[in-house]
Amino acid sequence: MNKINMPELRVGNLVARIPIIQGGMGVGISLSGLASAVANEGGIGVISAVGIGIDKCKSLLSLRELNLIGLRDEIRTAREKSNGIIGVNIMYALTDFDDLIRVSFEEKVDIIFMGAGLPVAFPQDLVDKYFGSDDTKLGVIVSSGRAAKLIMRTWLSRFKRLPDIIVVEGPQAGGHLGFKPEQIDDPEYSLKSIVPDVVKTVKEFSEKTGKTIPVVAGGGIYSGEDIYKVMEMGADGVQMGSRFVATYECDATDEFKNKFIECEETDISIIKSPLGLPGRAIGNEFLTDVALGKKVPFKCPWKCLKTCQLENAPYCIAVALSNAKFGLMNQGFAFCGAKTYLIDKIQSVKSLISELNEGFNNLVREIGPLSKG
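Keep in mind it's a predicted model, so treat the numbers as computed, not measured. (Residues numbered from 1 in each chain as written. Predicted model: local features only at pLDDT ≥ 70, side-chain atom pairs only at ≥ 80, totals over all residues. Heavy atoms only, no water.)

Engineer: Which parts of the structure should I look at to understand the overall build of the chain?
Structural biologist: The helix and strand tally for the chain stands at 12 helices and 14 strands. For the chain, buried positions account for 57% of its 373 residues. Here the analysis covers contacts within the chain between residues at least 6 apart in sequence; of these, 70% occur between residues at least 24 apart. Counting only carbon and sulfur atoms, one obtains 50% of the accessible surface of the chain, whose full area is about 16,300 Å². (Helix = DSSP H or I, 4+ residues; strand = E, 2+ residues; numbered from the N terminus. Buried < 20%, exposed > 50% of the residue type's maximum accessible area, 1.4 Å probe, protein only. Contact = heavy atoms within 4.5 Å. Areas by Shrake-Rupley, 256 points an atom, 1.4 Å probe, with all protein chains shown as cover.)

Structure below.
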């Protein structure tokens, strides 16, 4: 039987051979090593700009400066390792968002993904210089059709353009979630409910402007079968984060990766981060102590997020995530997706992509080609 392959993902004039975006995982989990490996296999590899310079804190430079140097270096290193599609994920809520997006434009990264807020305001010089160019595509991450509509309507009015790609993240994603705690397990907010809504909203703007905007869905996607099912909902591709942690090429330490392999379903919980937002993480002693009211003394390396209330924070989330990246789990913790407990081994990115492709193909053989394909 001939091999059946997953469909391509097109973002303007960029063509990814497989419809997979590797999710940006902050504070050093997805850097040039992982991003370039995914890009080499035909997906879209993504460097996270969050806290990208925190492990260099002992330098005489400020962490803000180190973040910019680190991001520029990681983009260039990824370029040296791959001719594939390289993206950068930048949280809109970051205090140095404007500087980080400026570096990304200057380095002509293929795609900038913006989430953690509604990205509707940018420095005018960047708008004037880059928003009319096709060198760098712009993507936004949303959790509802309503958010997608607000962003696209605002962009059309202010910038006379639309995003090039929309990523919709559901409540089974890892890290900070764009949902209220009571919405996380509510079927009304599942990918099955919100993907068609976002697709419908994006289609309205596409028809109005003639611009094709792919919609990619993420959150709790583990297998090739999951990819098929989400694309049957109308998505053009998927975003996956946690599965790429358990790869040789991931930029975290083996100690961090092993937590994903050892994780049981009962270990995964919803926490309240110092930012007041719910997040999904692998529970450990550090988080248990925090839940019991223990405050971890810290000196803020830099106010990374605009909404952080330093005086009320029980710990510094940037330092905790950085500690975890280096395997110091007693001094931090790992964010993870809802299906992390299914991961049972570390493998190469090539092997993982092959496994996902085969799972996708199994449903093609069993059910038939994607209905919109």
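Engineer: Where do I start with the pairing of strand β4 (residues 44-48) in this structure?
Structural biologist: Look at any regular strand and the pattern is simple: side chains alternate between the two faces of the sheet. Within β4, 5 of the 5 residues are buried, which leaves it mostly tucked inside the rest of the structure. Burial of the side chains of β4 extends over both faces: Ile44, Val46 and Ser48 are buried on one face and Gly45 and Ile47 on the other. Bridging between β4 and strand β5 (residues 85-91) involves 5 bridges; their strand directions are parallel. Of the residues in β5, the one forming a bridge with Gly45 is Ile86. (Pairing = 2+ DSSP bridges.)

Engineer: I keep staring at the packing of helix α7 (residues 224-232) against helix α12 (residues 349-367) and nothing clicks. Help me out?
Structural biologist: Helices that pack against each other are described as a pair by the angle of their axes relative to one another and the distance between those axes. Where α7 meets α12, the closest approach of the two axes is 6 Å, and the angle between their N-to-C directions is 55°. Taken as axis vectors, α7 and α12 run oblique relative to one another. Viewed along their axes, α7 and α12 form a crossing whose handedness is right-handed. Residues Gly224, Glu225, Ile227, Tyr228, Lys229 and Met231 of α7 pack against Leu356, Gly359, Phe360, Asn362, Leu363, Val364 and Ile367 of α12. Looking at the contact of α7 with α12 residue by residue, the classes come out as 8 nonpolar, 3 polar and 2 charged. (Axes fitted to C-alpha atoms, helices over the stretch in contact; angles between N-to-C directions. Parallel < 35°, antiparallel > 145°, perpendicular 65-115°, else oblique. Left-handed = near helix turned anticlockwise from the far one by under 90°. Nonpolar A, V, L, I, M, F, W, Y, C, P; charged D, E, K, R; others polar.)

Engineer: How do you make sense of helix α1 (residues 32-40) when you look at a structure like this?
Structural biologist: Owing to its 3.6 residues per turn, the α-helix aligns residues three or four sequence positions apart on the same side. Among the 9 residues of α1, 8 are classified as buried, and the element is accordingly described as predominantly covered. All buried positions along α1 are accounted for by Ser32, Gly33, Leu34, Ala35, Ser36, Ala37, Val38 and Ala39. On the buried face of α1, the contacting elements are β3 (20-22), β4, α2 (63-81), β5, α8 (242-245) and α12. With its phi angle positive at about 100°, Gly42 sits one or two positions after the end of α1.

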